[in-house]
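Observations on the three-dimensional arrangement
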Amino acid sequence: MNSNEEKISALQLGLLIIVTVIGVGILTLPRTVTEIADTDGWLLIIIGGALVIVLALIINSLGNMFPDKTIIEYSQELVGRPLSYLIGSILIIYFTLIAAYSVRIFGEVLKMYLLPKTPIEIIIITFLITIIYLVRNNLEGIARFYEIIILIMFVPYFLALSAGTWELDYSNLLPVFQLSPKVILGGVLQVVFSFSGFEVLYLFIPFVSDKQNIKKTLIIVISIITIIYLITSLIVLASFGSRQTKALLWPLMAYIKSIEVPGAFIEQLEGIIMTIWVLFIFTTISTLYFSSTFMASRLIKVREHKIFSTFLLPLVYIIALQPENVPDLYWRLDILSIYVGTIVIVIIPIILLILAKVLKKGVKTNV
Amino acid sequence: MRVIKKNKDSKDKNFVPVLRELDKNIEFLEDIFQDCDDIVSREFTVGVNQNHRMYISYVDVMTNEDMIQQHVLRPLLLEARLISPDPGDIKKKLFELVLKGTLSASDIEVKDNLDEAVLAILSGDTILLIDGVTEFIVISTKGWPTRGLSEPPGESVIRGPRVGFVETFRYNTVLLRRSIKDPRLKIKNTQLGERTKTNMGIAYIDDIVNYKVLEELENRLETIHIDGIFESGQVEQLIEDDWLSLFPQIQNTERPDIVSAALLQGKVALIIDNTPTALIVPTTFNDFMQFPEDYYERWWIANLIRWIRLSALIISFTLPSIYIAVASYHPGIIPSNLAIFIAGTRETVPFPVFIEALIMEITFELLREAGVRLPNQLGSTIGIVGSLIIGQAAVEAGLVSPIMVIIVALTAIASFSIPSYNFTISFRILRFIAMVATGFLGLYGLILVVIATLVHLSVLKSFGVPYLAPIVSGRMTDWKDSIIKAPLPSIKERNSYTAWGDRKKLRDLRVDIRARTVDIEPKEDGTIDKGKNQPSHTQNLKKPRKIGNKDNDRGEKDE
């Protein structure tokens, strides 16, 4: 590890995870869980959240065994050089693709709700340029940016969510506990994918200055994300009922569009919320983009990741414009999650952890 | 022949020895000061027998001539003649006699490098050369016409000291020393400017300062090789972290109380001769949003003012852009009545909203720029021209909508309510960038500019301190004095991002001031408890309100 690299605190890592995870996934989450489990979706979110905590802790303990190394380096010790290059490449491609498709979703949503006449290409390219402006910097600067942006993101979000609560129909939430274990097992992985973004832990743990706090921070942070997901999907479900929620493409946006604040100066919240939502997506894609370029620079052993971030722009742009329409986009994203996502989020950490235990490699820490 | 070893690389090696022959020394100096008619020099003889030749030289009016008369010439010319010391001593010890016995000036210095004499003369000191001695005396006689202390016009306060720095370096250090009477307040002198040789003082408090910052500052100052420094702004531009940034990374002020408070926070101040503006490093975003009154007034007031300032900042940055976005891209956001009203007022306006806003903002900037340079009498003319011609006539002619005028006025007022002038300018520039972005992409363009601004601010550092400290990567205790202002008694520590070493700011002496009620009623038997050391005219005050007085606490238990 480069000792000159600037360090971040565990708190900053936690905030980074929050702003990274919450992004595009939250738009479709109410629909996804309702499709799988109907009114019992909330249960699925809680189980999914618990599972994510376990997975995050596995990645964390891997990081603690090799305190100075990212996955690129420690996988080399565990599975050998060729396989570690494979893992690295899979991660880079995965991050790049997720980032690119997220940019596309962002562009589609923005075009639909805020800028109907602007070509999507303009929206995407301006967004990517702004992202590059952030990811050209080092991790420390990015972490500071997230610290400041998180203050601006969540206050308006919750204000907007609560603005519509007075006209909810809570009977829509019933019935509960109709779920069979089979449905849970079948659907929980899809909920886990809506938490995707936490796997950037593979890279950032070596740069945390107070490693003993990571475990606690991760548990708290993922619980917070779970609660935010829970509140959001419950409110949306209560607002529309399960049948309508299933039919909506982006139920959260539809909910926000439906809010009318009586007596307030602002008539439609949708414009404001879209503006705030840009921040959510910005942080998500920035982290993925940064991870991608950062890993690439480590894989090729070039310390400067700035060059990669510029080279990646046309690539991400082209990939983002590949899908023909929104269903195609989501189909590709689903394929990516189910096949690559499972490998990245579930299989790789578990296998690496088992290997590390069996081969007795890495430093034993009491953290 | 005089051998002058000159080495242009370093000042120290530029050594010119003082020779025994006075004439040769005089020749050297007069050669250097040829055609410098403001330099006065005089050769005279001293002693009972008028047999010791001496030579003084100084810059006319830059020195305190009274002092030269009273404490240099008079003792040498008159008193030295009255008391004739042992003749044997004179030859050997003339120099020491003059130095220790005759000169009555207090601040004198002995030097042997004639090259330094040149600088001493040019700095307002007087030099005294004695025949046959290979050293010379520098007498500090600095004294030139100065401006009196007055309140800095750009930083006036309602409550607070009404004194500002002046152009004289020493006065400024005096102002600091007067407010911090602590030997740990260090003021290190250096010089800057190859030709101007501007004096500079690096002020810091020894056991609080962050040594890394101090070291970094000294290193950066050493790298400066410029011909002249006339204002601290030049130094600022040469030592700031990121010269491409829109934002000032070094605070400047004319107020000694701001500098003193900054020193107590562990910052380093740079006081520069010939300018009343001092620099303070490291500087954060927070510093530009604060003003001494925040600390002098009670905390509720300070909080209110700080929030108003923050809103003013946001307004001056985004308001025209928001108007452009709402009026031309997203009229659905505001109530339909208002949207229709705005559209109605814009009926006759021939430009798109974006162009209209741009024209009005530029017009206002023109007005402001014109007003700054004009003398006060003409300033009102600008006001009339601005309000009548641009405001009223343009609206009546239908060229500009009245709402646009309101928006521009609001933006202007907001940008004036931020205490720091150079900081406001950053946001003035950003405002135009935001307007252009909004003109193309609506609210989305605005948020992209806001994001880019925040990214830049997050990455920016001033002497190693994050620009957005303490909001980012600081400790929560530092938040007590940021966007919010906690009550003064609760701020017990200095800011962790600036202060090292001694962190204690306020010692906890007034913990239970509220718990201790002051009973002013007389006792039941009519006697009045006088308490300790109580003057007779406050008899009905039962307990003296002495804060943290242990004697008083004991007195309470006795009751």
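Residues numbered from 1 in each chain as written. Chains lettered and ligands numbered in written order. Predicted model: local features only at pLDDT ≥ 70, side-chain atom pairs only at ≥ 80, totals over all residues.

For chain B, the helix and strand inventory stands at 17 helices and twelve strands. Per-residue burial for chain B yields a buried fraction of 34% across its 559 residues. Considering only residue pairs separated by 6 or more positions, chain B has 63% of its internal contacts joining residues 24 or more positions apart. (Helix = DSSP H or I, 4+ residues; strand = E, 2+ residues; numbered from the N terminus. Buried ≥ 20, exposed ≤ 12 C-beta atoms within 10 Å, placed from the backbone. Contact = placed C-beta atoms within 7 Å.)

On to the confidence of the model for chain A. Residues of chain A with pLDDT of at least 70 account for 95%, and the chain-wide mean is 85. Here helix H8 (residues 181–194) of chain A stands out as the least confident element of chain A, with mean pLDDT 82; helix H6 (residues 120–135) of chain A is the most confident, with 93. (pLDDT = per-residue confidence, 0-100.)

This next bit is on the interface of chain A and chain B. Quoted interface sizes are often the accessible area lost when the parts come together. Tallying the contact residues gives 27 residues for chain A and 23 residues for chain B. Of all the elements in the fold, those that place two or more residues in the side of chain A that touches chain B are H6, helix H7 (139–163) and helix H12 (269–299) of chain A. Within the side of chain A that touches chain B, the residues separate by chemical class into 14 nonpolar, ten polar and three charged. (Nonpolar A, V, L, I, M, F, W, Y, C, P; charged D, E, K, R; others polar.)

It is worth spelling out unusual backbone geometry at this point. Residue and element names in this part refer to chain B. Omega for the peptide link from Val281 to Pro282 comes to -15 degrees, which places this bond in the cis form. Along the chain, the position of Pro282 falls in the loop between strand S10 (278–281) and helix H9 (285–288). Cis geometry is found at the peptide bond from Ala469 to Pro470, where omega equals 5 degrees. Considering the arrangement of structural elements, one finds Pro470 in the loop between strand S12 (465–466) and helix H17 (550–558). Positioned with a positive phi, Val61 is a non-glycine residue whose angle comes to about 70 degrees. Among the structural elements, Val61 can be located in the loop between strand S2 (52–59) and helix H2 (65–82). Of note in this structure, Asn274 is not a glycine but carries a positive phi near 70 degrees. Assignment of secondary structure puts Asn274 in the loop between strand S9 (268–272) and S10. Exposure remark for Asn274: the 15 C-beta atoms within 10 Å place this residue in the partly exposed category.

Our next topic: the pairing of S10(B). Residue and element names in this part refer to chain B. Neither face of S10 is left uncovered, since the one carrying Ala278 and Ile280 and the one carrying Leu279 and Val281 both have all their residues buried. Where S9 meets S10, three bridges bridge the pair, whose relative direction is antiparallel. Looking across to S10, one finds that Ala269 is bridged to Ile280. In textbook terms, the turn of a hairpin is the stretch between consecutive antiparallel strands, and for S9 and S10 this stretch comprises five residues, one of which, Asn274, has a positive phi near 70 degrees. (Pairing = 2+ DSSP bridges.)

Turning next to the pairing of strand S5 (residues 136–139) of chain B. Every regular strand shows the same layout, with side chains that alternate between the two sheet faces. All names here are of chain B. Neither face of S5 is open: one carries Phe136 and Val138, the other Ile137 and Ile139, and all of them are buried. Looking at chain direction, strand S3 (residues 108–111) and S5 are connected through four bridges and run antiparallel. Counterpart to Val110 in the pairing with S5 is Ile137. As paired elements, strand S4 (residues 126–130) and S5 share four bridges and run antiparallel to each other. Bridged to Thr126 within S5 is Ile139.

With that settled, consider the sheet that holds S5(B). Residues and elements named next belong to chain B. Across the sheet, five strands lie side by side as S1-S2-S4-S5-S3; this open sheet has antiparallel pairing. Looking at the sheet topology across the chains shown, the edges are occupied by strand S1 (39–46) and S3. The sheet shows a mean angle of 20 degrees between the axes of neighbouring strands, direction not considered. Where S2 and S4 come together, four bridges link them in antiparallel fashion. Its bridge partner lying in S4, Ser57 is registered against Ile127. The sheet strands contacting helix H1 (residues 22–32) are S1, S2 and S4, and the helix crosses S2 at an angle near 15 degrees. On the sheet, helix H4 (residues 114–122) packs against S1, S2, S3, S4 and S5 and is oriented at approximately 50 degrees with respect to S2. (Axes fitted to C-alpha atoms, helices over the stretch in contact; angles between N-to-C directions.)

Below, the discussion takes up the sheet that holds S10(B). Residues and elements named next belong to chain B. Strand order in the open sheet formed by five strands is S6-S7-S9-S10-S8, with antiparallel pairing between adjacent strands. Looking along the sheet, the strands with just one partner apiece sit at the ends: strand S6 (185–192) and strand S8 (251–253). Recorded for the sheet is a direction-independent mean angle of 25 degrees between the axes of neighbouring strands. Sheet strands touched by helix H5 (residues 169–179): S6, strand S7 (198–205), S9 and S10. Its angle to S7, the strand with the most contacts, is close to 10 degrees. With respect to the sheet, helix H8 (residues 256–264) is in contact with S6, S7, S8, S9 and S10, its orientation differing from that of S7 by roughly 50 degrees.

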